[in-house]
Structures are given as structure tokens and as C-alpha cells.
Amino acid sequence: MGVILRKSSRPVSAALSVPSKAYTYRFFLSFCFLVLILFSLTFRHADVGIFILCLMNYLFCADVFLRTALKDVWNGNISWSVLAASVTTAGLLYSALNVFLTVPLFGPVPDLYLYTSLFITLSLWAERRLVKEKERSRVFVKKLDDFLPKSGRLCVGRSFRKVFAGELKKGDLIFVKPGERLPADGIVKQGKTSVDEQLITGNMLPTSKNVGSRVFAGTLNKSAEMYVEVAEVLSSSALMSVVSAIKKSELARSGFKSALDGFACWVMPLSVLFAAGAYAGLLYATGSKEWFLYSGVFLFMLAVSCPAALVFAAVSPSFFARRGAHTKKIKLQNIYALDEIVRADTVFFDKTGTLTYGELRVSGIYPAKKVSQRQLLEAVATAEQLVDGPFADAVTACAKEHKISPKPLLCFDVLPGLGVSATSGEDKILAGRTQWLEEQNIKTAAKIAHADEAVICVAKNGKYLGYLTLADELRPGAKEVISFLKSLGKEVILISGDNESSVSTIAKEAGIVKVNANVLPKTKAEIISNLRALGKRVLMVGDGFNDIIALLRADAGVVYSSGRNVYNNWVDVLIKSRDLYPVADLFKINKKLHRIITVNVLLAVLVTFAGCAGLVWFMPQAGWTWVVGGALAVAGLVFLNSTRMLNIK
């Protein structure tokens, strides 16, 4: 919920390295002092007592700004800490001199106790929000261990010994049962099965594995027993490289800056010049030699011309931008990553789950001659009803859509990589690959012209019934968004761990020319890193755990999320929409957000400067309520202007 900017050449503010708890305690303490000072001023208590309250607020609460301001000045950095320290010091000094001097300083109000305390409280609140967001990633790091396999079965002679996954060494032979995750990368030495590799490759279809096939740690053995020779231990596995990259993601965020520091860079010098100019102008106009008493104008202008409303200038639009984006099913976790999205030269899209839904659906039903569509669907739904996998899920969903109920099963057998053999009553049903049915002496269709789609051929009692095609559908708006990005001069590339045929088909349908297929997570990240090394700005749009390294290496990361992903904390933008239009909406949000923040800053600075000048020249005997009331009025204007972010068109 804080306001964080991307990396820049300026040094990091020392205030961002202070623990959020330090700001939390000081904020609540400062708020208590603020209430006490307001109460004392309202009931006109002794000036010395009010001074002591403000001094305690300054020493016990604003001390964090004083310490970090000294570090920033030493590093040549003008930050919000420097501005806050200057404002509070000038306000306290102005008020204290008016209390203890026999002749008060020249100034429109007798003291700035309440304004100074208000500025301290608001600044602590803002910095707490910034640091809190920076610290959030640490909370999720421990959850990453859930992805790592805990143990494996080591083959020792003709027996098995269960060991921790980290104890396995290269060359060890391990035994993996169906339903278990592999404890290391390796090569299949015995067995034929299917493995769910979505965690690594993003491919939602189980991959057939035979002797000699490569398998990865963390992937799920779906069908049958297998023996695997360890090729890479867990600490060097493809899965561990992903986990390690996430754990190091905090380093990638350590260079972020706050918008408040950006404002302070130019507001602080401007306020000093404004205060010095007002002081010099007043001395020149009056010709007075009492320069010390007139220094009150300088202190007053310095304290008040740095508007407290600046705290809300970026925070309020960011808050309402998040609410406005939420209506479009967009969660903005790093609001200023929008700048990187807009400035990106190259946009990478993952395929499965990003450009497409990531869900297999029945795309075509083709019954054989003299076979009805209902007969075909009833047979395949009966065979697949107890099978666990994307094929079975797609068939079941299609059967429900056509209001077809499967018949009871007597038995069924899943043949990994081939299909399903099921018995229902006196009927024996086969559903699977075309080649498998041909091997069972069942003549299928002469030509099945759907090479780019998954095909399930169906036979009952030796008679061919027809086939179904299954495909992952392109998200609505994909073509329009790709065209929009190209019109902005972006280079769009499709990158995926899926096979080249399916990736090329989706790319052609979406209007993408450049394609990278069969790409593992580490390779995705290397491609992005190489482009950035050439000076390119990169946006990565993905969806899965296998994309996380690439998302972290890119200048900005956008994820299509189910809400269950552990990596949600490290990406900049989460999208929960079913279509691709929100990607284009990010550009609209950024443009409007910049416009509103600019108006807020100008409004806060110009109105505050005008108010200060009016108090000095036209209301020399004003009360403290004018300063505080004016500051709150400007903050209110900024807040109202920020609400425009709720409506994103």
C-alpha cells in the first residue's frame, strides 16, 4: 500500500532502512502528543507546557528523521527525512523563540506547535507505509520450502531406504511411486509413466516418460512406478534455481526509492529560496535593522511552505488507483512499476495460462459414420470418469455441458502416455491415442487433421466411434492487446516451455511473430537478462511458478494469477481477469495516475506558497488555526482530486 519508485541513480534514503516497528511506535506516540497539544491550545494552557510537549514530540518521535537526515546529507541526498527535519526544526525554533524572547519574532502567528506536530505525525505515517511494504517479502520466504520435495527412496541392493532429498548424490538410483514428487533431477532407468511438469515447464499436460527420459525435482509422478538415476542433486536442480531466485528477490527491490524523496529533491530547495526571498524582501521593504526579529519570517516560511499535503500527493492517488484497478480485476502491488511497463521496449508473454486460459477444453466432437455425437460422448465420458488429469477434466466438463451422464464402471486401467481401458457392463471402451487404437487392430479415421490439438480416439467393443479434439483456448482480447502493444512500438515475443508446434499455433493466432519454445525457467531468465544487458527495458507477462525467475529479472512483472500462488508478493501486478484487456488498461492507469499526481503536487505547493505569502503580508496577527486549517484544507483538495482515480476508462 506504500508508494515505491523503481531504481534510480540517486542514493537510497536512510529512512527506508529503519525497521517499520520504529515508525509504528513513534507514530502512535506522536499522535498522542498531537492530541495533547491540540487540547492545550484549545483551552489556552501555559505556553511553556505546550513547548515541552512539542519538544518531547520532536526529541522522541522526529529523532528518526534527524538521524537519517544527517546520513542522507552526508551522502549528498536530499530526501524526505531532510525535508521533515528542516520543517520540524524551523517550526519548533520559531515557536520556542516566541515563547522565551521578551520581544517576539516577526511572524503572522504566535507559534507553530500544532503544525509541527502534525507534520511529524503525517511523515511518520507515510514512512511507515513505505518501509512496511518493503519488508513484506520476508514474510513469504519460508513458504517456498513447501515446493521442495522432502524425501526419496534410495535403492540399496534389492531394498529401499528412505532418505532426505538433500542426502541424495549423483549416480544414486531412486524408486518413485505414483503420486510422489521426484526428489532430484535425473534420468529414467526403468519404467514407463507420465509426469506432471507444470511446476517447471508450465505445460499443463502430463508428459510421457520412458527409459532415458529426463525428469526434474519437484515434478509429480502420475501413473506408474519408475526407477531414476540422479543426475543433479536437489541443491543444483532446476527447481532449486527457481526457489533461490525468489529468495534473493529482496535484493532486487533494495534499490527502490519513495515518491516522497522525489518530491523533497525539488520542494526543499524551492522552499528555502522562497523563505530566504521573503525574508530579504521584507528587510528591503521595511529598511529595518532588526534583522534577527525579522528572521521569524524565514523560519515561518521554511516551516510552512513545505506542505504537509505532499504526504498525500502520491499516496492518495495510489490508494484510489488500486481501488479503481480492482474493479478491472487488477491488483497493483507496486504502483510505480507502471512506469516500467509503459517504458518497456520488449514484452514477453508466456503461453499456457497467460495468452491462453491454461485449461484444456473439448474443441471438436467428430463421431464416425452411423454413430451419434451423444453415443461418442457417453462412451468417452464413461471411460474417463475416474481418471485424474486435464484430459479427463475436459471430457467430463463437455459431457455435463451436453447433459450426458456416464455409465457405472466395473473396472478401468490407465496406460501412461497411451490412454484408458475401461469396462462398463458388457462393454469394453478404449479412449486414447490414435496409434494405440491402431495397435489394438481398431481402424480409426483415415486422416485426423488436427496436428496442433490433442486428440482422443474412442472405440467400444472393437468398433471405432470417433474422436474428440482438445485445445487450450486463446484468452479474449489477446489479438487486440498484441496489436495495441505493437502500435506503441513494442517488440512482442512469445516464450514458453511447451513444444514448438503448440507455441507456434497460438502465436500465429494471437498475431505474434517471434517465438521461443521448449524454454526452461533458467533459460527464460537468461534471455531477459541478456536483453537488459543490451540496454533494453523488458516487461514479462506470465502466470506460473516456472516464470518467476524471468518475472524477477524483468524491469516489471505482470502475472495472471489464481490467487493461490506463493510468489504473488514478488511480482508488480496481479491480474485475475479471464481476458487479456487488463494489460492494455495498465497503460491507461499509468497515464491518468501521473496526471493526477502532478496536479496534486502543483496544487499543494502553489496554494501553500500563496497562503504563506497572504499570511505574512495581509494577516500579520492571524492565529495558529489559520496555518493548521489551511494545511488540512490543501490536503482535502489533494484527497478530492485523487478520487478521480476510482474511475478508469
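Let me begin by describing the structure that accompanies this report. (Residues numbered from 1 in each chain as written. Predicted model: local features only at pLDDT ≥ 70, side-chain atom pairs only at ≥ 80, totals over all residues. Heavy atoms only, no water.)

**Topic: the overall build of the protein**
The helix and strand inventory of the protein stands at 23 helices and 24 strands. A buried classification covers 54% of the 649 residues belonging to the protein. The contacts in the protein between residues at least 6 apart in sequence include a share of 71% that link residues at least 24 apart. For the protein, the accessible surface area stands at approximately 28,900 Å², while carbon and sulfur atoms represent 59% of it. (Helix = DSSP H or I, 4+ residues; strand = E, 2+ residues; numbered from the N terminus. Buried < 20%, exposed > 50% of the residue type's maximum accessible area, 1.4 Å probe, protein only. Contact = heavy atoms within 4.5 Å. Areas by Shrake-Rupley, 256 points an atom, 1.4 Å probe, with all protein chains shown as cover.)

**Some thoughts on the packing of helix α4 (residues 80-100) against helix α10 (residues 259-286)**
Here α4 crosses α10 at 55 degrees, and the two axes come no closer than 7 Å. Of the possible angle classes, the one that applies to α4 and α10 is oblique. The segment α4 lies against α10, with Trp 80, Leu 83 and Ser 86 engaging Leu 260, Asp 261, Ala 264, Val 267 and Met 268. Tallied by class, the residues present in the contact of α4 with α10 amount to six nonpolar, one polar and one charged. (Axes fitted to C-alpha atoms, helices over the stretch in contact; angles between N-to-C directions. Parallel < 35°, antiparallel > 145°, perpendicular 65-115°, else oblique. Nonpolar A, V, L, I, M, F, W, Y, C, P; charged D, E, K, R; others polar.)

**Quick look at the pattern of salt bridges**
Working definition: two side chains of opposite charge can pair if their charged atoms are close together. Evaluation of the coordinates by the stated rule reveals 13 salt bridges. Overlapping salt bridges bring together Arg 26, Asp 63 and Arg 67 as one network. (Salt bridge = Lys/Arg side-chain N within 4 Å of Asp/Glu carboxyl O.)

**Digging into the pairing of strand β10 (residues 226-232)**
Pairing of strand β4 (residues 173-176) with β10 involves four bridges; the strand directions are antiparallel. Bridge pairing links Ile 174 to Val 228 in β10. For strand β5 (residues 185-190) and β10, the ladder comprises five bridges, and the chain directions are antiparallel. Within β10, the position partnered with Asp 185 by the bridge is Glu 232. (Pairing = 2+ DSSP bridges.)

**Points about the sheet that holds strand β7 (residues 207-209)**
With respect to topology, three strands assemble into an open sheet ordered β7-β6-β9, the strand pairing being antiparallel. Single-partner strands in this sheet number two, and they are β7 and β9 (220-221). Alignment of strand β6 (residues 193-196) against β9, held across two bridges, turns out to be antiparallel. When the bridges of β9 are listed, Asp 196 appears paired with Leu 220.

**Observations concerning the nonpolar core**
Core analysis: the biggest nonpolar cluster contains 125 residues, and Tyr 115, Phe 300, Phe 349 and Leu 355 have the highest contact counts within it. Looking at which element gives the most residues to this core, the answer is helix α22 (residues 581-618), with 15 residues. Residues Val 362, Ile 429, Ile 456 and Leu 470 belong to the second largest nonpolar core, which totals 33 residues. (Core = buried A, V, L, I, M, F, W, Y, C linked by side-chain atoms within 4.5 Å.)

**Quick look at the side chain of Thr 346**
Relative to the helices and strands, Thr 346 resides in strand β13 (residues 346-349). Non-local contacts of Thr 346, meaning those with residues more than four positions away in its chain, are made with Glu 491, Ile 493, Leu 531, Lys 536, Arg 537, Val 538 and Leu 539.

**Considering the pairing of strand β18 (residues 454-460)**
Most of β18 sits inside the fold, with five of its seven residues counted as buried. Pairing of strand β17 (residues 427-432) with β18 involves four bridges; the strand directions are antiparallel. The partner of Leu 430 across the bridge, within β18, is Ala 459. Both β18 and strand β19 (residues 463-474) contribute to a ladder of seven bridges, which runs antiparallel. Considered in β19, the bridge of Val 458 is made with Gly 466. With antiparallel pairing between neighbouring strands as the criterion, β18 and β19 make up a hairpin whose turn holds two residues, including Asn 461 at a positive phi of roughly 55 degrees.

**Some details on the side chain of Ser 424**
Locating Ser 424 in the fold gives a position in strand β16 (residues 419-424). Among the polar contacts made by the side chain of Ser 424, one reaches the main-chain carbonyl oxygen of Pro 408 at a distance of 2.6 Å. Setting aside chain neighbours within four positions, we find Ser 424 in contact with Thr 382, Lys 407, Pro 408, Leu 409 and Leu 410. (Polar contact = N/O pair within 3.5 Å; in protein donor to acceptor, adjacent residues only side chain to side chain.)

**Quick word on unusual backbone geometry**
A positive phi is found at Lys 403, a non-glycine position, where the angle reads about 55 degrees. For Lys 403, the position within the fold is in the loop between α16 (390-401) and β15 (411-415). Given the relative accessible area of 73%, Lys 403 is considered exposed. At Asn 518, a residue that is not glycine, the phi angle is positive and equals roughly 55 degrees. On the accessibility criterion, Asn 518 (53% relative accessible area) is exposed.

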